[in-house]
Amino acid sequence: MAMDFFMPTHAHLIGIGGIGMSGLAKLLQKSGVRVSGSDVAASELTDALRKYSIDVKIGHDAENIPEETDLIIYSSAVPETNPERAEARKRGIPQLTNFQFLGRWTETKHPILVCGTHGKSTTTALTGLLLIQGGIDPTVIVGSQVPDFKDGNIYFGTSDLVVIEGDEYAKHFLEFEPSAVILNNIELDHTDVFPDLESLIRAFRELLLKVRHGGLVVANADDARVQTLIGEERGRLESRQIKIKTFGFGSHADLQIADCLPKPQGQTFALRDETGLLTRYSLHIPGRMNVMNAVAAMTLAQYLGVSPQAIRETFDRFKGIWRRFEIVLDRGQVTVVSDYGHHPTAVAATLDAAHSFFPGRRIVLCFQPHHHNRTKQLFADFIPSFDKADALLLTEIYDVAGRDAAEDQNVSSRDLQEAVLHRDEERGIKRLVEYASDPKEALNLLKRWRKPNDVVIVMGAGDIYKIAVHVLDA
């Protein structure tokens, strides 16, 4: 629905318990808007919103919408048939998705979008923290919980700069006209929305066309698809006086990562700037992918005038964010990590990072695939992504309400288990590879498997994370 932007007096949020929606609820309340909302189930996020005195109803019902509501904001996971959306149509209350609202809200501000298939949340958090440390004080909206943010998934700044995690799902990022874009990488995902890679690249191309005159594009120099896209669009971008800054390990990058040295509980890397000056930084988060995330963030921060000292202080303090290689337990010689990874590339990169962060320790991976369609379309890529797990537990696929078609239900984590075992046989590898029908069964298996010196990674974008804090229970 197209509509002129207005700040409501009372907004009702359907799907308020989502990570993005809960952040928006806090933003609206901070702006003086009365907020109510509903979600299908209670969670730690809905519980947290009640502490802000936000009225949250569990379950969807037409009667949940307060009489004074003048705007409905809904998660894209909420269908038109939802009873609250139907009631809003009946009462003539305007409806927007959360990203449509944010797109209109940022029209008079300077939005910075952090985009790409992988690394968005960590890069968004780091970009925000660097700008805060640098005295720029943006508002930051991230799809995770950031320990340094008092309000978790949002930071309220005083400047007109807004750093937002730009979601490509359903082309949400096209709701914005950004002043700057960080483009981390492009890889096929959300296969229920993008039938092929070309359709995904077209969406990113359209995003570049929406960058404001005189803006900035920060692009991964090591990602072939990103570089091809930037090469094809460079003339149009520069004709609108948009600056392009690149980062990566390649010598052609404007900011080149000269080396990356893993060490227990962290890593260091050297960065060569455009003058040739080499500077070394430390990170307390593992993996080459996180070096790339950090350098993407600092490329933008440096462009906006953040000092090297502020960058170093931010990196020294940063210990990661919720469900992104988050160490949730570390006792009895066993470490438990919770991770949001749900794409083959993310799985493989996280296992690499675990081996560098915890050298010599057994890495036990409990993985819950997310979305039947994604699992089916990327099945062949998932099989080798588990190679570096010393033991593997595959939990049944997490069903995404409203996104799983009937024809996709014929794929199961049992199929993945069989394919991985076949690959192991061909490689001459023997290891534990088991199947669990649900997280409860997975937890029981992990308790039996765990040994001193293990690192147990509980991974997935569904509800598997809830068992991570119980792995060391008696």
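Computed from a prediction, not measured in an experiment: that's the story for all the values here. (Residues numbered from 1 in each chain as written. Predicted model: local features only at pLDDT ≥ 70, side-chain atom pairs only at ≥ 80, totals over all residues. Heavy atoms only, no water.)

> Please set out the overall build of the chain residue by residue, giving values where relevant.
The number of helices and strands found in the chain is 14 helices and 21 strands. The C-alpha radius of gyration of the chain comes to 22 Å, within 12% of the 23 Å expected for a compact globule of 474 residues. Summarising its shape, the C-alpha atoms of the chain cover approximately 65 × 60 × 40 Å along the three principal directions. Split into buried and exposed, the 474 residues of the chain put 57% on the buried side. Restricting to contacts in the chain with at least 6 residues of sequence separation, those with at least 24 account for 67%. In the structure as shown, the chain presents an accessible area of about 19200 Å², 49% of it carried by carbon and sulfur atoms. Of the side chains in the chain, 52 bear a positive and 63 a negative charge, and the two mean positions are spaced by 4 Å. (Helix = DSSP H or I, 4+ residues; strand = E, 2+ residues; numbered from the N terminus. Rg over C-alpha atoms; globule rule 2.2 N^0.38 Å. Buried < 20%, exposed > 50% of the residue type's maximum accessible area, 1.4 Å probe, protein only. Contact = heavy atoms within 4.5 Å. Areas by Shrake-Rupley, 256 points an atom, 1.4 Å probe, with all protein chains shown as cover. Lys, Arg positive; Asp, Glu negative; His and termini not counted. Charge placed at Lys NZ, Arg CZ, Asp CG, Glu CD.)

> Which residues make up helix H10 (residues 344–357), and what are the values?
Compared with the 20 Å implied by 1.5 Å per residue over 14 residues, the 20 Å span of H10 between its first and last C-alpha is a close match. Taken together, the buried positions of H10 are occupied by Pro344, Ala346, Val347, Thr350, Leu351, Ala353, Ala354 and Phe357. (Expected span 1.5 Å × (residues − 1).)

> A description of helix H1 (residues 19–30) should follow, citing residues and the corresponding values.
In this model H1 runs 17 Å from its N-terminal to its C-terminal C-alpha over 12 residues, within 8% of the 16 Å that 1.5 Å per residue would give. If you check which residues of H1 are buried, you get Met21, Ser22, Gly23, Leu24, Ala25, Lys26, Leu27 and Leu28. After H1 finishes, the residue glycine 32 shows a positive phi value of roughly 95 degrees.

> So what's going on with the side chain of threonine 395? Which residues, and what values?
For threonine 395, the location among the structural elements is in strand S19 (residues 391–395). Excluding residues within four positions of it along the chain, threonine 395 makes contact with Cys366, Phe367, Gln368, Pro369, Ser413, Ala436, Asp438, Pro439, Ala442 and Ile464.

> Tell me about the packing of helix H5 (residues 120–133) against helix H8 (residues 288–303), and name the residues and values.
Taken N-terminus to C-terminus, the directions of H5 and H8 make an angle of 40 degrees; their axes are 9 Å apart at the nearest point. Considered as vectors, H5 and H8 are oriented oblique to each other. You can see that H5 and H8 cross each other, and the crossing is right-handed. Judged by residue contacts, Thr122, Thr123, Leu126, Thr127, Leu130 and Leu131 of H5 engage Asn290, Asn293, Ala294, Ala296, Ala297, Met298, Leu300 and Ala301 from H8. Residue composition of the contact of H5 with H8, grouped by class: nine nonpolar, five polar and no charged. (Axes fitted to C-alpha atoms, helices over the stretch in contact; angles between N-to-C directions. Parallel < 35°, antiparallel > 145°, perpendicular 65-115°, else oblique. Left-handed = near helix turned anticlockwise from the far one by under 90°. Nonpolar A, V, L, I, M, F, W, Y, C, P; charged D, E, K, R; others polar.)

> Outline the pairing of strand S16 (residues 326–331), listing residues and values.
One ladder, built from five bridges, connects S16 with strand S17 (residues 334–339); its direction is antiparallel. Following the sheet pairing, isoleucine 327 is matched in S17 by valine 337. Hairpin remark: S16 followed by S17, antiparallel, with two residues in the connecting loop; positive phi at glycine 332, about 60 degrees. (Pairing = 2+ DSSP bridges.)

> With reference to specific residues and values, describe the packing of aromatic side chains.
Any pair of aromatic rings gets described here by the distance separating the centres and the angle formed by the planes. A full pass over the atoms with the stated rule returns 13 aromatic pairs. Ring centres of phenylalanine 149 and tyrosine 155 lie 5.6 Å apart, and the angle between their planes is 40 degrees; on these two criteria the pair is classed as tilted. Residue classification places phenylalanine 149 among the buried positions, given a relative accessible area of 4%. Ring plane angle 55 degrees and centroid distance 6.3 Å describe the contact between phenylalanine 269 and phenylalanine 315, whose orientation is recorded as tilted. Of the two residues, phenylalanine 269 is situated in strand S14 (residues 266–272) and phenylalanine 315 in helix H9 (residues 308–317); the sequence distance between them amounts to 46 residues. Classification of phenylalanine 315 by relative accessible area gives buried; the value is 0%. (Phe/Tyr/Trp six-rings, centres within 6.5 Å; stacked < 30°, edge-to-face > 60°.)

> Residue-level account of the environment of methionine 459, with values.
Turning to its location among the elements, methionine 459 is positioned in strand S21 (residues 454–459). The exposure class of methionine 459 is buried, given its relative accessible area of 0%. In sequence terms methionine 459 and alanine 348 are 111 residues apart; their C-alpha atoms lie 12 Å from each other.

> I'd like a rundown of the pattern of salt bridges, residues and numbers included.
Inspection of the entire model under this criterion finds 18 salt bridges. With a closest N to O distance of 3.6 Å, arginine 50 and aspartate 47 form a salt bridge. Highlighted residues: arginine 50 and aspartate 47, both in helix H2 (residues 44–50), separated by three residues, approximately one helical turn. A salt bridge links lysine 245 to glutamate 274; the nearest nitrogen and oxygen atoms lie 3.2 Å apart. Linking lysine 245 in strand S12 (residues 243–248) with glutamate 274 in the loop between S14 and strand S15 (278–283), this pair joins segments that are 29 residues apart in sequence. For glutamate 274, a relative accessible area of 52% corresponds to the exposed category. (Salt bridge = Lys/Arg side-chain N within 4 Å of Asp/Glu carboxyl O.)

> Give a detailed account of the side chain of aspartate 339, specifying residues and quantitative values.
Locating aspartate 339 in the fold gives a position in strand S17. Comment: no salt bridge for buried aspartate 339; closest opposite-charge side chain is arginine 324, at 6.7 Å. Within the structure, aspartate 339 has its side chain in polar contact with the backbone nitrogen of phenylalanine 325 (distance 2.7 Å). Only 2.8 Å separates the side chain of aspartate 339 from the backbone nitrogen of glycine 341, close enough to count as a polar contact. Ignoring anything within four residues of it in the chain, the contact list for aspartate 339 reads Arg323, Arg324, Phe325, Thr350, Ile457, Val458, Met459 and Gly460. (Polar contact = N/O pair within 3.5 Å; in protein donor to acceptor, adjacent residues only side chain to side chain.)

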